[in-house]
Amino acid sequence: MEAVEDVKVEALTAASQFVKPLRMHYRQDKKDKIWDLVSLHDSVSVILFNTDRQVLVLVRQFRPAVYYNSVPEEGRQASGHVDTSKYPGCSGITLELCAGIVDKKVSLEEMAQLEALEECGYDVPLKNFDHVKTFRSGVGVSGDRQTMFYAEVTDKMKVTEGGGLEAEGELIEVVEMGLQEVKELMAKPEITAPVGLLFALTWFLQHKAPSNTTTTAT
């Protein structure tokens, strides 16, 4: 996963099925303004908790945007190439919830169900998906809407190894974290992860973590 090579970054000139760069002109309080933004698909994410083994099921994957923004200005060559011997792919590996864009005409619960199967290998009944929160991501750039669900799973629901769809270029590692590991992760001063994961873990520890794992004040 971390063996990233031959990196070159260039301006997006052709149409993309995922990202649409735009410039918005508007007037606010009688002042003319402009704002550069991108139009993205809405998305779903899932907090998966395996009740048999008391672990959260997360994913790790390489995110080009995270990688590029981890490379300092002096490391971005005029040609667009990046020296991966100096800036290895590990700096673009993120820890995330199981998630995916909404690109099918099905319910959001069905999209979450599909992502849980494709990415993590769990065939989860629709009735197991509980809505947690719907919120906006990337408010300064995209403002896309993400809907987060919580679902409890068992070992019997694990039907494949997961890992994403190779045909779509996905390369995903399934990660299981015990409750103490989650607490230790949350205590770190910096985490290579989206803010949605931090919210999800905080919500889980507050609302769903088994009571025998929490500390009782005396």
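Keep in mind it's a predicted model, so treat the numbers as computed, not measured. (Residues numbered from 1 in each chain as written. Predicted model: local features only at pLDDT ≥ 70, side-chain atom pairs only at ≥ 80, totals over all residues. Heavy atoms only, no water.)

(A) Molecular detail of the pattern of salt bridges. In the structure shown here, the tally under the stated rule is nine salt bridges. Its salt-bridge partner being E173, residue R60 comes within 2.5 Å of it at the nearest N-O pair. Note that R60 is positioned in strand β5 (residues 55-62) and E173 in strand β11 (residues 172-178), a separation of 113 residues in sequence. Residue R60 is classed as partly exposed on the basis of its relative accessible area of 23%. Where R63 meets E96, a salt bridge forms, and the shortest distance between an N and an O atom there is 2.7 Å. With R63 in the loop between β5 and α1 (64-70) and E96 in strand β7 (residues 93-96), this pair connects stretches of sequence that are 33 residues apart. Exposure remark for R63: the relative accessible area of 34% places this residue in the partly exposed category. On the accessibility criterion, E96 (8% relative accessible area) is buried. Here the residues in one salt-bridge network are E2, R60 and E173, joined through shared partners. (Salt bridge = Lys/Arg side-chain N within 4 Å of Asp/Glu carboxyl O. Helix = DSSP H or I, 4+ residues; strand = E, 2+ residues; numbered from the N terminus. Buried < 20%, exposed > 50% of the residue type's maximum accessible area, 1.4 Å probe, protein only.)

(B) Focus on the UniProt feature "domain: Nudix hydrolase" (unreviewed entry) in the protein chain. UniProt's feature table lists "domain: Nudix hydrolase" (unreviewed entry) at residues 39-199, given in the numbering used throughout. Annotated as residues 39-199, this span is 20% helix and 31% strand, and its ends, taken at the C-alpha atoms, are 24 Å apart. (UniProt positions renumbered as here; feature names shortened; annotations may be inferred.)

(C) Geometry of the confidence of the model for the protein chain. Across the protein chain, the average pLDDT comes to 94, with 97% of residues at 70 or higher. Within the model, pLDDT remains below 50 along residues 213-218, and this stretch shows three contacts once partners closer than five positions in the same chain are excluded. (pLDDT = per-residue confidence, 0-100. Contact = heavy atoms within 4.5 Å.)

(D) Spotlight on helix α3 (residues 179-186). Buried within α3 are the following residues: L179, V182 and L185. The buried residues of α3 all sit within an arc of 115 degrees when viewed along its axis, so they share a single face. Elements in contact with the buried residues of α3: β4 (43-50), β5, β7, β11 and α4 (195-207). (Arc of directions from axis to C-beta.)

(E) Representation of the environment of E5 in the model. Among the structural elements, E5 can be located in the segment before β1 (7-8). Judged by its relative accessible area of 62%, E5 is exposed. Remark: the alpha-carbon pair of E5 and G140, spanning 135 residues in sequence, is separated by 30 Å.

(F) Quick peek at the packing of aromatic side chains. Taken as a whole and assessed by the stated rule, the structure comprises six aromatic pairs. The interplanar angle of 50 degrees and the centroid separation of 5.6 Å between the aromatic rings of F62 and Y67 together place this pair among those described as tilted. Pairwise contacts between aromatic rings join F49, Y150, W203 and F204 into one cluster. Directly above the ring of Y68 sits R76, whose terminal nitrogen or CZ lies 4.1 Å from the centroid. (Phe/Tyr/Trp six-rings, centres within 6.5 Å; stacked < 30°, edge-to-face > 60°. Lys NZ or Arg CZ within 6 Å of the ring centre and 35° of its normal.)

(G) Structural view of α4. If you check α4, its first and last C-alpha atoms are 18 Å apart, about what 13 residues at 1.5 Å a residue would give, namely 18 Å. Buried residues in α4 make contact with β4, β5, β7, β9 (130-136), β10 (145-153) and α3. (Expected span 1.5 Å × (residues − 1).)

(H) View of the nonpolar core. If you look at the biggest cluster of nonpolar residues, it comprises 20 residues, and the most contacted ones within it are I47, L56, L95, L97, Y150, M177 and F204. Those residues in contact with L95 that sit more than four places away from it in its chain are L58, V59, R60, V175, M177, L185, T192, A193, P194 and L197. (Core = buried A, V, L, I, M, F, W, Y, C linked by side-chain atoms within 4.5 Å.)

(I) The arrangement of the state of the cysteines in detail. Scanning all chains against the criterion turns up zero disulfides. Free cysteine: C120, not disulfide-bonded; nearest cysteine sulfur from C98 at 4.2 Å. (Disulfide = S-S within 2.5 Å.)

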